[in-house]
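A structural walkthrough
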Amino acid sequence: MKRHVLSILVDNHAGVLSRVTGLFSRRGYNIDSLSVGETESSEISRITVVVICDDDAIEQIIKQVEKLIDVRRVVNMSTRQAVFRELSLIKVNCTGLNRAEIVSIADIYRANIIDVATESLTVEITGNQNKIDSFIRLMEPYGIKEIVRTGLTALCRGNNPIKNYEKVD
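Residues numbered from 1 in each chain as written. Predicted model: local features only at pLDDT ≥ 70, side-chain atom pairs only at ≥ 80, totals over all residues. Heavy atoms only, no water.

Examining the packing of helix α3 (residues 99-108) against helix α4 (residues 129-139)
Going by this rule: Orientation is described by axes fitted as lines to C-alpha atoms, over the contacting stretch for helices, and by angles from 0 to 180 degrees between their N-to-C directions. Under the DSSP-based scheme used, a helix requires at least four consecutive residues in state H or I and a strand at least two consecutive residues in state E, with every element numbered from the N terminus. Each angle gets one of four labels, with under 35 degrees taken as roughly parallel, over 145 as roughly antiparallel, 65 to 115 as roughly perpendicular, and the rest as oblique. Here a residue-residue contact requires only that any non-hydrogen atoms of the pair lie within 4.5 Å. We call Asp, Glu, Lys and Arg charged. Ala, Val, Leu, Ile, Met, Phe, Trp, Tyr, Cys and Pro are nonpolar, and the rest, Gly among them, are polar.
The interhelical angle for the contact between α3 and α4, taken along N-to-C directions, is 170 degrees, at an axis separation of 11 Å. Judged by the inter-axis angle, α3 sits roughly antiparallel to α4. Contacts from I102, I105 and A106 in α3 reach F135, L138 and M139 in α4. Along the lines of polarity and charge, the residues of the contact of α3 with α4 split into six nonpolar, no polar and no charged.

Considering α4
Operational definition: The classification of residues rests on relative accessible area computed with a 1.4 Å probe and restricted to protein chains. Under 20% of the type maximum is buried, over 50% is exposed, and intermediate values are partly exposed. Directions drawn from the helix axis to the C-beta atoms are what define this arc. N or O atoms within 3.5 Å of each other form a polar contact, as long as, within protein, one can give a hydrogen and the other can take it, and as long as residues adjacent in sequence are counted only when both atoms are side-chain atoms.
Buried residues of α4: I132, F135, I136 and M139, and no others. Around the axis of α4, the buried residues are gathered within 100 degrees of arc, so they sit on the same side. Facing away from the buried side of α4 by over 90 degrees, the exposed positions are N130 and R137. The N-capping residue of α4, defined by a side-chain oxygen 3.1 Å from the backbone nitrogen of N130, is N128.

Concerning the sheet that holds strand β4 (residues 71-76)
So the rule is basically this: Pairing between strands requires that DSSP locate at least two bridges from one strand to the other.
Ordered in space as β2-β3-β1-β4, the four strands form an open sheet in which the pairing is antiparallel. Strand pairing shows two members of the sheet lacking a second neighbour, β2 (31-38) and β4, which therefore form its edges. Adjacent strand axes in the sheet meet at a mean angle of 15 degrees, parallel and antiparallel pairs treated alike. The pairing of strand β1 (residues 2-11) with β4 spans five bridges and is antiparallel. Bridged to V10 within β4 is V71.

What about the pattern of salt bridges?
Heads up, the rule is: Every case where a carboxyl oxygen of Asp or Glu lies within 4 Å of a side-chain nitrogen of Lys or Arg is listed as a salt bridge.
Within this structure, the stated rule accounts for six salt bridges. Among the salt bridges present, the one from K91 reaches E146, with a minimum N-O distance of 3.5 Å. On the criterion of sequence distance, the pair formed by K91 in strand β5 (residues 82-93) and E146 in strand β8 (residues 144-149) is long-range, its members being 55 residues apart. Judged by relative accessible area, K91 falls into the partly exposed class, the value being 26%. Through salt bridges with shared partners, one network takes in E86, D133 and R149.

Below you can see the structure in the form of structure tokens.
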């Protein structure tokens, strides 16, 4: 079993996300991460799905997803050269005594302080899952109040976009 990242271009209509994710749950596959958003065209959305399964299962999933009416294109990003990123917002307990330490660690990780309060700092960090997990482990001794993560997003490198909006038959 390995991690597969599917990038799915769909028509931007109500109910499309439900149909796509329902296909995974009906087949007993847990979605590890899900990210959805409008593309450069307001008529098309991109769904990025991370699922853990074997190669035979992912091929079946891709075939089933491609059959859905509103799906325009499905690409298994794990088989292509791609850029993967995740965004996380982390609210950390912070006093005047440890504020400089937290800011220093955030700087090392190229994270941004986006909110400062009397007893906390909110940090925005982007990167791969390992980078974010590592940063979270370093913040745990200070006390984490809240964490939110976007889920993985992916894009093909270089001149290799998935702009071919024609549905693959």
